[in-house]
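Here are the chains, one letter per residue:
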Amino acid sequence: MSQRQPTLSELFLDFFWPNRCPFCGEIIAPQQHCCPDCLASFPPPPDVFVPLLDAAFAFTTYTPEAARAIHLLKFYNQPKLGAVLAKLIFRTFEQELADCRIDCICATPMHPKKQRERGYNQAERMATELARLCQLPCLPLLEKTVQTSAQHTLSAEQRKHNLRGSCLVALPDEVKEKRILVVDDVITTGATMNEAAHALRQAGAAWVGGISFAHPSLEDEYAFSKDIASISTKKIAHTSKI
């Protein structure tokens, strides 16, 4: 799909306030989402399998570059980065998402207390933009009713049990017999997506898919047992130059 040409207003704004890559700060064209080097640093992901999902997608492998992008979105008060990640997802899976015949999109929920502390739900920011691009409604279908430990602080085995019973369907009339896509920043073991899918299926969903920005390869899942706050915030390594 060819890129559209920038409008005169975009060119005018870009002259005084140039568009910058959200990952490294380099100046980029008005219609670009990130610079070519950073885009090249996100390799394709391994196959994504989550037992309770009918389909699962991820934009990239969970590399240090992807981890830093997620770290900036979640912990450095950069909610607008969620829209950038959604745009990258959409440009990769536009046709696949159309083929799934989705009725609506929702985000994995965050406990209200944690959302107040952070100021936003990063998955919701991604879901809102992805729904806009897909021309679909984005609905708050799920609520997190139990405040659980952060998934990234737990082992793979602990994550499988941490979220059980923590999700509730808030809008059951919008779920019954619908095809629903759930959005999250990362699919790791699939525990979060499984819990969301279980709740939606219990409420009568006809189909549940999941999509995320990143997914680790099996040999890299150990990385999620480490504190994500330890990830360096230095400039992204330009792997395309190696």
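Up top you'll find the structure we're talking about.
In this text, all values refer to a predicted model and were calculated from it rather than measured experimentally.

Rules and cut-offs
- Residues numbered from 1 in each chain as written.
- Predicted model: local features only at pLDDT ≥ 70, side-chain atom pairs only at ≥ 80, totals over all residues.
- Heavy atoms only, no water.
- Axes fitted to C-alpha atoms, helices over the stretch in contact; angles between N-to-C directions.
- Helix = DSSP H or I, 4+ residues; strand = E, 2+ residues; numbered from the N terminus.
- Parallel < 35°, antiparallel > 145°, perpendicular 65-115°, else oblique.
- Left-handed = near helix turned anticlockwise from the far one by under 90°.
- Contact = heavy atoms within 4.5 Å.
- Nonpolar A, V, L, I, M, F, W, Y, C, P; charged D, E, K, R; others polar.
- Pairing = 2+ DSSP bridges.
- Buried < 20%, exposed > 50% of the residue type's maximum accessible area, 1.4 Å probe, protein only.
- Right-handed = clockwise from strand over helix to strand, strands pointing away.
- Core = buried A, V, L, I, M, F, W, Y, C linked by side-chain atoms within 4.5 Å.
- Phe/Tyr/Trp six-rings, centres within 6.5 Å; stacked < 30°, edge-to-face > 60°.

1. Side note on the packing of helix H4 (residues 81-99) against helix H6 (residues 122-134)
Okay, so step 1: Remark: H4 packs on H6, axes separated minimally by 8 Å, with the N-to-C direction vectors making an angle of 45°. Considered as vectors, H4 and H6 are oriented oblique to each other. The hand of the H4/H6 crossing is right-handed. For the pair formed by H4 and H6, the contact residues are Gly-82, Ala-83, Leu-85, Ala-86, Lys-87, Ile-89, Phe-90 and Leu-97 on the first element and Arg-125, Met-126, Glu-129, Leu-130, Arg-132, Leu-133 and Cys-134 on the second.
Okay, so step 2: The class makeup of the residues in the contact of H4 with H6 is 10 nonpolar, 1 polar and 4 charged.

2. Here we look at the sheet that holds strand E2 (residues 104-107)
Okay, so step 1: Reading across the sheet, the 4 strands line up as E1-E6-E5-E2 and stay open at both edges, with parallel pairing between neighbours. Two strands lie at the open edges of the sheet, namely strand E1 (55-61) and E2, each paired on one side alone. In this sheet, neighbouring strand axes are inclined to one another by 20° on average, regardless of whether the strands run parallel or antiparallel.
Okay, so step 2: Against the sheet, H4 engages E1, strand E5 (179-186) and strand E6 (207-215), with an angle of about 135° to E1.
Okay, so step 3: Contacting E2, E5 and E6, H6 crosses the sheet at an angle of about 130° to E5.

3. Re the pairing of E6
Okay, so step 1: Within E6, 9 of the 9 residues are buried, which leaves the element mostly enclosed by the surrounding structure.
Okay, so step 2: Sheet topology places E1 next to E6; 6 bridges connect them, and they run parallel. Its bridge partner lying in E6, Phe-57 is registered against Ile-211.
Okay, so step 3: Of the pairings in the sheet, the one linking E5 to E6 comprises 7 bridges and is parallel in character. Pairing of Val-183 across the sheet is with Ile-211, part of E6.
Okay, so step 4: The parallel pair E5 and E6, bridged by helix H8 (residues 191-202), forms a crossover whose chirality is right-handed.

4. Quick look at unusual backbone geometry
Okay, so step 1: Phi at Arg-101 takes a positive value of approximately 55°, unusual for a residue other than glycine.
Okay, so step 2: As for its position among the elements, Arg-101 is in the loop between H4 and E2.
Okay, so step 3: Given a relative accessible area of 55%, Arg-101 falls into the exposed group.
Okay, so step 4: Phi is positive for Gln-135, which is not a glycine, with a value near 60°.

5. Concerning the nonpolar core
Okay, so step 1: Judged by nonpolar contacts, the single largest core of 44 residues is most densely connected at Phe-23, Leu-97, Ile-105, Leu-130, Ile-211 and Phe-213.
Okay, so step 2: Counting residues per element, the ones that place at least two in this core are E1, helix H3 (64-75), H4, E2, H6, E5 and E6.
Okay, so step 3: The contact partners of Leu-97, leaving out residues within four places of it in the chain, are Phe-57, Ile-102, Leu-130, Cys-134, Leu-181 and Ile-211.
Okay, so step 4: One finds Val-48, Cys-104, Ile-180 and Met-193 within the second-largest nonpolar core, a separate group that totals 22 residues.

6. Comments concerning the packing of aromatic side chains
Okay, so step 1: This structure, assessed with the given rule, holds 5 aromatic pairs.
Okay, so step 2: Centre to centre, the rings of Phe-23 and Phe-42 are 5.4 Å apart; their planes meet at 80°, and the pair counts as edge-to-face. Linking Phe-23 in the loop between helix H1 (8-16) and helix H2 (36-40) with Phe-42 in the loop between H2 and E1, this pair joins segments that are 19 residues apart in sequence.
Okay, so step 3: Under the relative-accessibility criterion, Phe-42 is labelled buried at 6%.
Okay, so step 4: Three or more aromatic residues joined by ring pairs form one cluster here, namely Phe-23, Phe-42, Phe-59 and Phe-213.

Note that all results are geometric; they support no functional claim without further evidence.
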